[in-house]
Amino acid sequence: MCGIFGYIGEKNAVDIIFKGLKKLEYRGYDSAGIAVVVDKELHIRRSVGKLCNLGLSLKENPISANIGIGHTRWATHGRPSKKNAHPHTDSAKTVVIVHNGIIENYVELKAELQKDGQEFKSETDTEVITHLIKKYYEDNLFCAVQKTLSRVRGSYALGIVSKDEPDKIICVRQDAPLIIGVGVGENFMASDIPALLSYTRDMIFLENGDIAEITAEKIVIKNIKGDIINREIKNIRWDTVQAEKNGYKHFMLKEIFEQPRTIEDTFRGRIYPDEGRVYIEEVKLEKEYIKNISNIYIVACGTSYHSGLVSKFLFESFAKIPTEVDIASEFRYRDVILDEKTLVVVVSQSGETADTLAALRLAKTKGCQILAVCNVVGSSISREAMHVIYTHCGPEIGVASTKAFTGQVTALYILALDLACKREILTIGELKKYLKELWEIPLKINKFLKNAKFVHDIAKVFASKRDFLYLGRHINYPVALEGALKIKEISYIHAEGYAAGEMKHGPIALIDKSMPIVAIVIKGRIYEKIISNIEEAKARGGIIIAVADQSDKEIGNKSDYVIYVPETDEFVSPLMTVIPLQLLAYYISVILSCDVDQPRNLAKSVTVE
Ligand code: AGP
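Attention here is on the structure that accompanies the text. (Residues numbered from 1 in each chain as written. Predicted model: local features only at pLDDT ≥ 70, side-chain atom pairs only at ≥ 80, totals over all residues. Heavy atoms only, no water.)

### Structural notes on empty space enclosed by the protein
Part 1 of the reasoning: Throughout the structure, instances matching the rule amount to three cavities of 30 Å³ or more.
Part 2 of the reasoning: Volume-wise, the largest cavity comes out at about 190 Å³.
Part 3 of the reasoning: Along the walls of the largest cavity sit 24 residues, with R27, S191, D192, S350 and V376 positioned nearest its centre.
Part 4 of the reasoning: Looking at the lining of the largest cavity residue by residue, the class counts come to eleven nonpolar, six polar and seven charged.
Part 5 of the reasoning: When residues of the lining of the largest cavity are assigned to domains, at least three map to each of domain 1 (3–237) and domain 2 (243–449). (1 Å grid on protein atoms, 1.4 Å probe; cavity = no way out; pocket = protein on both sides within 12 Å on 5 of 7 lines; lining within 4 Å. Points joined across faces, edges and corners; volume = space filled by probe spheres on them. Nonpolar A, V, L, I, M, F, W, Y, C, P; charged D, E, K, R; others polar. Domains from an automatic or database assignment.)

### Quick look at the site of the ligand
Part 1 of the reasoning: Taken together, 13 residues lie near the ligand, and S304, S348, S350, T353 and E489 sit nearest.
Part 2 of the reasoning: Between the ligand and the protein, one listed contact pairs an oxygen atom with a side-chain N or O atom of K486 at 3.1 Å.
Part 3 of the reasoning: Contributing elements (two or more residues each) for the shell around the ligand: α9 (302–317) and α16 (477–491).
Part 4 of the reasoning: Examining the composition of the shell around the ligand, we find that three residues originate from one element, α9, more than from any other.
Part 5 of the reasoning: Of the residues in the shell around the ligand, the class split is three nonpolar, eight polar and two charged. (Near = heavy atom within 4 Å. Polar contact = N/O pair within 3.5 Å; in protein donor to acceptor, adjacent residues only side chain to side chain. Helix = DSSP H or I, 4+ residues; strand = E, 2+ residues; numbered from the N terminus.)

### Quick look at the side chain of S401
Part 1 of the reasoning: Looking at the element boundaries, S401 is found in the loop between β21 (387–390) and α13 (403–422).
Part 2 of the reasoning: On the basis of relative accessibility, which here comes to 12%, the residue S401 falls in the buried class.
Part 3 of the reasoning: One polar contact links S401 to E396, side chain to side chain, over a distance of 2.8 Å.
Part 4 of the reasoning: Other than its neighbours up to four places away in sequence, S401 contacts T303, E396, E482, K486, E489 and K604. (Buried < 20%, exposed > 50% of the residue type's maximum accessible area, 1.4 Å probe, protein only. Contact = heavy atoms within 4.5 Å.)

### Structural notes on the pairing of strand β13 (residues 219–222)
Part 1 of the reasoning: Two strands pair when backbone bridges link them, and strand β12 (residues 211–214) and β13 are joined in this way by four bridges, in the antiparallel orientation. Across the sheet, residue I214 finds its bridge partner in β13, namely I219.
Part 2 of the reasoning: Here β12 folds back onto β13, and the loop between the two strands holds four residues. (Pairing = 2+ DSSP bridges.)

Shown next, in the form of structure tokens:
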């Protein structure tokens, strides 16, 4: 999963592509490169490491052009190195390409090309495409691309330029996102919306199988047979400020502080607490179908999987529907029992996660209704699902998900209440109460964030620890998993999330007097139980950092540190309790001088299996 960007027009392509890649760097950052055409010659610059290295190389060796393509890489085939960095070209330096995805049959294609005498310069799967295009290239780049695509299998978003046809970029999409930015006298292509926002809000989301030919004046989209395809131009309302740091030191911090607004944006227009009404315009499930749903399957990866785990409690308690939550990469290879009465809910911030998309497609073949909870409009998952509830979080740039989690939990909470209403399970009084609880959450989070400095003080005490335990129960058990994931991914500290009641079945052996244990201990049906669990941990010397309701007068006696949060109903509490855990991970990462927004080995959107 990498970021690709292309420009054609009158301005300096190099500057525009470099700025575009900067916005895409979250997708991969182990090497980067740019290719342009000047006077019918290809010029390529590539560097290992982050984009700033490419910036230095461009400063030392400047170039300007009116057409070009660029790439920021997250290695799949071939280690991060200059020779594996994109763009890749054929031996005669006629054609140059950037690629996001994986060519599954590259081994056999490479063998075939080598047999023809072709030399390979990189260890990448991508390079086979350049040689194939050159092989089929007579005088029409589009035709050569058509022939090449009929030979390759896998996922790919491609930007292709030829020195012999320097007035066009060919853009191809198959199972990897690619968007065309529509300008005036100039056009763009990019892997994601934020990279285009400084130039245009008018965008075309390519679909699988689309091959677009873009010139400065025209965009023509065809399928592999060469038939012209019409694609709608969508106007994107995200503004550029939303996609910038806005004065915060890191995107992650900005995104943590945005949550009161993004939660509100996600429920606004969908809930009416005074009337006891939920209205989700996008969900067109028939009332009769809803009454007969036999079970719900929630499928997702990473943080989105954790928000799915939270919602299991909501679907079961509110709507009384048996619910299972599965990791997409597991779900897609099991013999899952599904039928038309199963509602499959896929959860994905990016809408491009390969495993989640594959799970969605599998569920479709079983005749299930598919509902997606997604943040990115026009993404593959949002297009292929039958119903989509968008989380209105705006672009999430930090690799560690924060506002996506709370947006997803909000959307799933509303969905569970909607299903409960249509199944006539909750009374109007209960519904009003649960809606009011959600309505009040943004204010409560704001209140907490205003006094969050205390979390920084705790981070200073514990930043040198090498292990953490996170404990929760019931609906806050998934929050413990999410807290542990956050600290692992951005601070590289080993952390385990556990259901607190499970401790005594093994993990309690890990506890000694140097082990920090973050326990979520808010009031609710299992409050007494988790108190017993932290006493067990304390008795073995563990250092307890409790996340507790501000009204809890007892917790101070049972723990070493307490992070007090405003009191909420237990069913909305994950929206509150996750905030200090996000902040704790953030501050520890900063103290350890880790790369908060672009942690090692990770990428924002996992579009490969
Ligand atoms: C979490 O901080 C990560 N960014 C990661 O686990 C992420 O949630 C996962 O890759 C799923 O992504 P998606 O929501 O875009 O499908």
